[in-house]
Amino acid sequence: KKKGGNMVGSQITQFYQDFPQHKAAISAKGVREFCEANEELLGFAADGGAGLIFVKKKAGKAKPNAAEDLAEYVKKKGGNMVGSQITQFYQDFPQHKAAISAKGVREFCEANEELLGFAADGGAGLIFVKKKAGKAKPNAAEDLAEYVKKKGGNM
């Protein structure tokens, strides 16, 4: 039964029970920072306690994922690309420009460290693929958004 699109932050442990593969990605930066890094799907509201996680828009597996698409793009370019080439990526994937440019390429890569890496080089930096990138990979942000949507509210 769907109970709304929000969940108390302390309920993240219940999410980890259903999706243990995402625990490292979320807990590495903390729930709040994870939500902020995936602001196209998730939001976080401080409430004096563990906070409230909420779904910003309709979550689902069919939604385009900027991190997966960028990782696949970089993989096709040999596994790494100069940061200034992000403009070429935006030409092919204009729907991801806002999500990536909101925080900057480096911070976006760091927030999606399971797929992407960023190396500073005194210039625009180097974006590289950390693991095999592909559409079949589980996505923590999408799974958390869907979980909150289905089980959120007063659990």
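Note: the structure precedes this text.
As the structure is a computational prediction, the values presented were derived from the model and not from experiment. (Residues numbered from 1 in each chain as written. Predicted model: local features only at pLDDT ≥ 70, side-chain atom pairs only at ≥ 80, totals over all residues. Heavy atoms only, no water.)

Undergrad: Now, about the sheet that holds strand β5 (residues 116–119): what can you tell me, with residues and values included?
TA: Overall, antiparallel pairing links the three strands, which are arranged β4-β6-β5 in an open sheet. Bordering the open sheet on either side are β4 (80–82) and β5, each of which pairs with just one other strand. Looking at each pair of strands side by side, their axes are set apart by 20 degrees on average, direction ignored. For β5 and strand β6 (residues 126–129), the ladder comprises four bridges, and the chain directions are antiparallel. Counterpart to Phe118 in the pairing with β6 is Ile127. Against the sheet, helix α4 (residues 66–76) touches β4, β5 and β6, its axis set at about 95 degrees to β6. (Pairing = 2+ DSSP bridges. Helix = DSSP H or I, 4+ residues; strand = E, 2+ residues; numbered from the N terminus. Axes fitted to C-alpha atoms, helices over the stretch in contact; angles between N-to-C directions. Contact = heavy atoms within 4.5 Å.)

Undergrad: Please give an account of the sheet that holds strand β3 (residues 52–55) that cites residues and values.
TA: Taken together, the three strands give an open sheet; going across it, the order is β1-β3-β2, and neighbouring strands pair in antiparallel fashion. The strands lining the two open edges of the sheet, one partner per strand, are β1 (6–8) and β2 (42–45). Between one strand axis and the next, the sheet turns through 20 degrees on average, direction left out of account. When β1 meets β3, the two strands line up antiparallel, connected through three bridges.

Undergrad: Outline the pattern of salt bridges, supporting the account with residue identities and numerical values.
TA: Within this structure, the stated rule accounts for two salt bridges. Salt-bridge contacts for Glu36 lead to Arg32; the nearest nitrogen and oxygen are separated by 3.3 Å. Of this pair, Glu36 and Arg32 both sit in helix α3 (residues 31–37), four residues apart, roughly one helical turn. For Arg32, a relative accessible area of 44% puts it in the partly exposed group. (Salt bridge = Lys/Arg side-chain N within 4 Å of Asp/Glu carboxyl O. Buried < 20%, exposed > 50% of the residue type's maximum accessible area, 1.4 Å probe, protein only.)

Undergrad: Provide a residue-level description of the packing of aromatic side chains, including the pertinent values.
TA: Taken as a whole and judged by the stated rule, the model has six aromatic pairs. Judged by centre distance (6.2 Å) and plane angle (55 degrees), the rings of Phe15 and Tyr16 are tilted. For the pair Phe15 and Tyr16, one class covers both residues: buried. Here the aromatic rings of Phe89 and Phe93 are separated by 4.8 Å at their centres, their planes lie at 25 degrees, and the arrangement is stacked. By relative accessible area, Phe89 is classed as buried at 0%. (Phe/Tyr/Trp six-rings, centres within 6.5 Å; stacked < 30°, edge-to-face > 60°.)

Undergrad: Quick rundown of the environment of Leu52? Include the residues and the values.
TA: Note that Leu52 resides in strand β3. Ignoring sequence-local partners within four residues, the contact set of Leu52 consists of Asn6, Met7, Val8, Gly9, Gly43, Phe44, Ala45 and Asp47.

Undergrad: How would you sum up the side chain of Asn38? Please name residues and give values.
TA: Relative to the helices and strands, Asn38 is located in the loop between α3 and β2. Residue contacts for Asn38: discarding those within four places in its chain leaves Asn112 and Ala141.

Undergrad: Can you explain the pairing of β3? Please cite residues and give values.
TA: The two faces of β3 differ: Ile53 and Val55 on one face are buried, but Leu52 and Phe54 on the other face are not. Where β2 lies against β3, four bridges are found, and the strand directions are antiparallel. Its bridge partner being in β3, Gly43 is matched across the sheet by Phe54. Between β2 and β3, which follow one another and run antiparallel, lie six residues, and Gly48 among them has a positive phi close to 85 degrees.

Purely geometric stuff here, so don't read any function into it on its own.
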